[in-house]
Amino acid sequence: TIRTVTARAVLDSRGNPTVEVDVVLADGSLGRAAVPSGASTGAREAVELRDDDPRRWHGKGVDRAVAHVRGEIAAAVTGRDADDQAGLDAALVALDGTPAKSRLGANALLGVSLAAAKAAATAHGLPLYRYLGGADARVLPMPMMNIVNGGAHADNPLDFQEFMIAPVGAATFAEAVRMGSEVFHTLRRDLLAAGHSTGVGDEGGFAPALRTAEEALDFVMAAIERTGYRPGTDIGLIMDPASSEFYRDGLYMYTGEGVRRTSAEQVDYLAKLIDSYPVVSVEDPMAETDLDGWRELTARVGDRCQLTGDDVFCTNEALVREGIRTGVGNAVLVKVNQIGTLTEALGTVAAARRAGWATVISHRSGETEDTTIADLAVATGCGQIKTGSLSRSDRTAKYNQLIRIEEELGATAVYAGRPHSGV
Ligand code: PGA
Ligand code: ZN
């Protein structure tokens, strides 16, 4: 039973305040969770409640969300059974009472939802991945490592937000991390040698002043090869253009290149990139409002490339079902704070899986030292995690947690490797 619920504002990786919640059970078990925060958010995400007081935290304060946890939410959930996650989350959703969780804030609700799960796991003496995933939870996810940052995550001219590497050919998760780290450091040397900045963006990837996706992809390809790996066989490429961010009035506006592309031209361009490089997955290749474009691209390359919906689905089960019905992509990015409770996020994973779609557990660009998503990736057995670069502790904390889980699982651990479902 839940004995106390409290909350506070702590700092996220961008130095903005975010909600951290402590749930303590009657037996003294503590669960603590800090809520992440996005920069390139989808229009239909659950609402992150901010104070909007320009005199404090530049308007980004979370005092209202913290007060909701300490007041109304604590009063409603104290005495509840923490083992009944579905019941707890349904109570949180009902208490808020709005479609987008705008009254109490998805940041308030998610903090309580995750902290309760962690407290329950502690009470059972189980690691979170085992408490949520059962004895079968033993698949370590293939990491999507974001080593070049652009778009809303950096101040460079790159229009695409993320260029990632995926060690599809690694034997273990720990080896995948080593391979990623080696390529990351080769890339650093290469960028430096070419006269580029090696400063990093919000997710810890380099943010050089490159102008086109091809330039970024060529640097990454060269780094993979120079490190001694085979592109495509050992390490695949992944992009998140985050296209909604540069889609205006029906056109994709490439400021780095100084060109604009129609939806049909965007489909052609993405298809060309997918066929010219060993690309295993592209996230948000088309804008969240360009569903015809999404369907075009899915029909064109969906048989040979994972097309992952982030902004277009917002981890919302109803939106995912609609996408499955209408042929929008073939995979779902899962960000717990886009929907606001653990149970709903797991429902989205289950709905995608029933359709044979892949799912990717994901961080946000604003993160903390909280490593819950690492456990979630193993608990769901989804086989893929996106949690940033090989630098910055807010990103590496998740990799480090997965290294520990792999060690704990010992010989029963399985590294997921190359994604195949839905492709
Ligand atoms: P965000 O970016 O957390 O800033 O939304 C991550 C993504 O687009 O995948
Ligand atoms: Zn995205």
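What counts as what
Residues numbered from 1 in each chain as written. Chains lettered and ligands numbered in written order. Predicted model: local features only at pLDDT ≥ 70, side-chain atom pairs only at ≥ 80, totals over all residues. Heavy atoms only, no water. Phe/Tyr/Trp six-rings, centres within 6.5 Å; stacked < 30°, edge-to-face > 60°. Helix = DSSP H or I, 4+ residues; strand = E, 2+ residues; numbered from the N terminus. Buried < 20%, exposed > 50% of the residue type's maximum accessible area, 1.4 Å probe, protein only. Lys NZ or Arg CZ within 6 Å of the ring centre and 35° of its normal. Near = heavy atom within 4 Å. Polar contact = N/O pair within 3.5 Å; in protein donor to acceptor, adjacent residues only side chain to side chain. Areas by Shrake-Rupley, 256 points an atom, 1.4 Å probe, with all protein chains shown as cover. Pairing = 2+ DSSP bridges. Axes fitted to C-alpha atoms, helices over the stretch in contact; angles between N-to-C directions. Contact = heavy atoms within 4.5 Å. Disulfide = S-S within 2.5 Å.

### A few points about the packing of aromatic side chains
In total, this model carries eleven aromatic pairs according to the counting rule given. Seen in terms of ring centroids, Phe313 and Trp357 are 5.9 Å apart; in terms of plane orientation they differ by 50°. Their pairing is tilted. Placement of the pair is Phe313 in the loop between strand S12 (306-309) and helix H9 (317-326) and Trp357 in the loop between helix H11 (342-354) and strand S14 (358-362), with a sequence separation of 44 residues. Its relative accessible area of 2% is what places Phe313 among the buried residues. With relative accessibility at 10%, the residue Trp357 sits in the buried group. Ring-pair connections join several aromatic residues into one group, and the members of that group are Phe160, Phe163, Phe246, Tyr247, Tyr252, Tyr254 and Tyr269. Here the basic side chain of Arg261 rests over the ring of Tyr254, its NZ or CZ set 4.4 Å away from the ring centre.

### Overview of the site of ligand 1
Within the structure, ligand 1 sits among 15 residues, and Ala39, His153, Arg364, Ser365 and Lys386 are positioned closest to it. Here Asp310 contributes a side-chain N or O atom positioned 3.1 Å from an oxygen atom of ligand 1. Here Arg364 contributes a side-chain N or O atom positioned 2.7 Å from an oxygen atom of ligand 1. Out of a free accessible area of 280 Å², ligand 1 has 100% covered by protein chains.

### Quick word on the sheet that holds S12
Taken together, the eight strands give a closed barrel; going around it, the order is S5-S6-S7-S11-S12-S13-S14-S15, and neighbouring strands pair in mixed fashion. Averaged over all adjacent pairs, the angle separating strand axes in this sheet is 25°, with direction ignored. Pairing between S14 and strand S15 (residues 384-386): two bridges, direction parallel. Counted as the bridge partner of Ile361 is Ile385 from S15. Contacts from helix H12 (residues 372-380) reach S14 and S15 within the one sheet, and its direction differs from that of S14 by about 160°.

### Some details on the state of the cysteines
Applying the stated rule across the entire model yields zero disulfides. Left without a disulfide partner, Cys305 is nearest to the cysteine sulfur of Cys382, which lies 17 Å away. Residue classification places Cys305 among the buried residues on the basis of a relative accessible area of 0%. With no disulfide of its own, Cys314 lies closest to Cys382 among cysteine sulfurs, the gap being 18 Å. Exposure remark for Cys314: the relative accessible area of 0% places this residue in the buried category.

Treat this as a map of the structure, not an account of what it does.
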